[in-house]
Amino acid sequence: MEGGCRTFRKTLHVQTKRKFDVIRVTEVVEEAVRESGIREGFALVFIPHATAAVILNEYEPRIVEDYITWIKRVIPPGGGWKHDEIDSNAHAHLASAFIGQSRVLPVSEGLLVRGTWQEVLLLEFDGPRSRTLVVEVVGCG
Ligand code: ZN
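Summary of the structure given here. (Residues numbered from 1 in each chain as written. Predicted model: local features only at pLDDT ≥ 70, side-chain atom pairs only at ≥ 80, totals over all residues. Heavy atoms only, no water.)

1. Focus: the sheet that holds strand E7 (residues 119–124)
Part 1: The three strands are arranged E2-E7-E4 in an open sheet whose pairing can be described as antiparallel. The open sheet is flanked by strand E2 (21–24) and strand E4 (52–57), the only strands paired with a single partner. This sheet shows a mean twist of 30° between the axes of neighbouring strands, independent of strand direction.
Part 2: In this sheet, E7 lies alongside E2 in antiparallel orientation, the contact comprising four bridges. The partner of isoleucine 23 across the bridge, within E7, is leucine 122. (Pairing = 2+ DSSP bridges. Helix = DSSP H or I, 4+ residues; strand = E, 2+ residues; numbered from the N terminus. Axes fitted to C-alpha atoms, helices over the stretch in contact; angles between N-to-C directions.)

Encoded structure:
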């Protein structure tokens, strides 16, 4: 990128409350974008964890329950996984690996670009835990 471009990083902590949990973090991500002062670029939302994930989708009580039901159906906890012989959270590693630990959103005119029903959500599969959330805003202006 040309001159006047930079990176702004903010590290936050999110407390999850249950073994499976869905936490909306949109507001803290938007706050980080505002704080960055960056007008045009993108925001990386990343968690340095192997048993949680980040998605971009609706935060409504029924679909929030559906995320968890779906994950449990596709990757059942205690489903005969080898890693469960060590610490019985194989399902959490698998869900994290397949869903992913980051999302990238555009930043335009100093604001996070997202759809009406797109919230930034942290998915917990092995809580309750304190999770670290890194928001890295890269851009210019
Ligand atoms: Zn493990």
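2. What about helix H2 (residues 61–74)?
Part 1: Relative to the 20 Å expected for 14 residues at 1.5 Å per residue, H2 spans 20 Å between its end C-alpha atoms, a close match to the ideal helical length.
Part 2: Residues Val64, Tyr67, Ile68 and Ile71 constitute the buried set of H2. Angularly, the buried residues of H2 cover 85° about the axis, an arc narrow enough to put them on a single face. Facing away from the buried side of H2, by more than 90 degrees, are the exposed residues Arg62, Glu65, Trp70 and Arg73.
Part 3: Where H2 is buried, its residues touch E2, E4, helix H4 (90–99) and E7. (Expected span 1.5 Å × (residues − 1). Buried < 20%, exposed > 50% of the residue type's maximum accessible area, 1.4 Å probe, protein only. Arc of directions from axis to C-beta. Contact = heavy atoms within 4.5 Å.)

3. Focus on the packing of aromatic side chains
Part 1: Across all of its chains, the model carries one aromatic pair by this definition.
Part 2: Pairing phenylalanine 20 with phenylalanine 125 gives two aromatic rings, centres 6.5 Å apart and planes at 65°, and the pair type is edge-to-face. Of the two residues, phenylalanine 20 sits in the loop between strand E1 (5–15) and E2 while phenylalanine 125 sits in the loop between E7 and strand E8 (130–140), which places them 105 residues apart along the sequence.
Part 3: If you follow lysine 72 out to its NZ or CZ, it ends over the ring of phenylalanine 20, 4.7 Å from the centre. (Phe/Tyr/Trp six-rings, centres within 6.5 Å; stacked < 30°, edge-to-face > 60°. Lys NZ or Arg CZ within 6 Å of the ring centre and 35° of its normal.)

4. Thoughts on the coordination of the zinc ion
Part 1: Looking at the zinc ion, the protein donor atoms are His83 (NE2), Asp87 (OD), Asp87 (OD), Asn89 (OD1) and His93 (NE2), and they sit 2.0 to 2.6 Å from it.
Part 2: Taken in chain order, the donor set of the zinc ion reads H-x3-D-x1-N-x3-H. (Donors = N, O, S within 2.8 Å, 3.2 Å for Na, K, Ca; no water.)

5. With respect to unusual backbone geometry
Part 1: Note the cis peptide between glycine 127 and proline 128, where omega equals -5°.
Part 2: By the secondary structure assignment, proline 128 is in the loop between E7 and E8.
Part 3: A positive phi is found at serine 88, a non-glycine position, where the angle reads about 45°.
Part 4: As for its placement among the helices and strands, serine 88 is situated in the loop between helix H3 (84–87) and H4.
Part 5: For serine 88, a relative accessible area of 48% puts it in the partly exposed group.

6. Topic: the state of the cysteines
Part 1: Under the criterion given, the structure shown has one disulfide.
Part 2: Sulfur-sulfur distance for the disulfide between cysteine 5 and cysteine 140 comes to 1.9 Å. Residues cysteine 5 and cysteine 140 are joined through a disulfide that is right-handed, its torsion about the S-S bond being 90°. Taken together, the positions of cysteine 5 in strand E1 and cysteine 140 in strand E8 put the pair 135 residues apart, joining distant regions of the chain.
Part 3: Note on cysteine 5: relative accessible area 22%, which makes it partly exposed. (Disulfide = S-S within 2.5 Å.)

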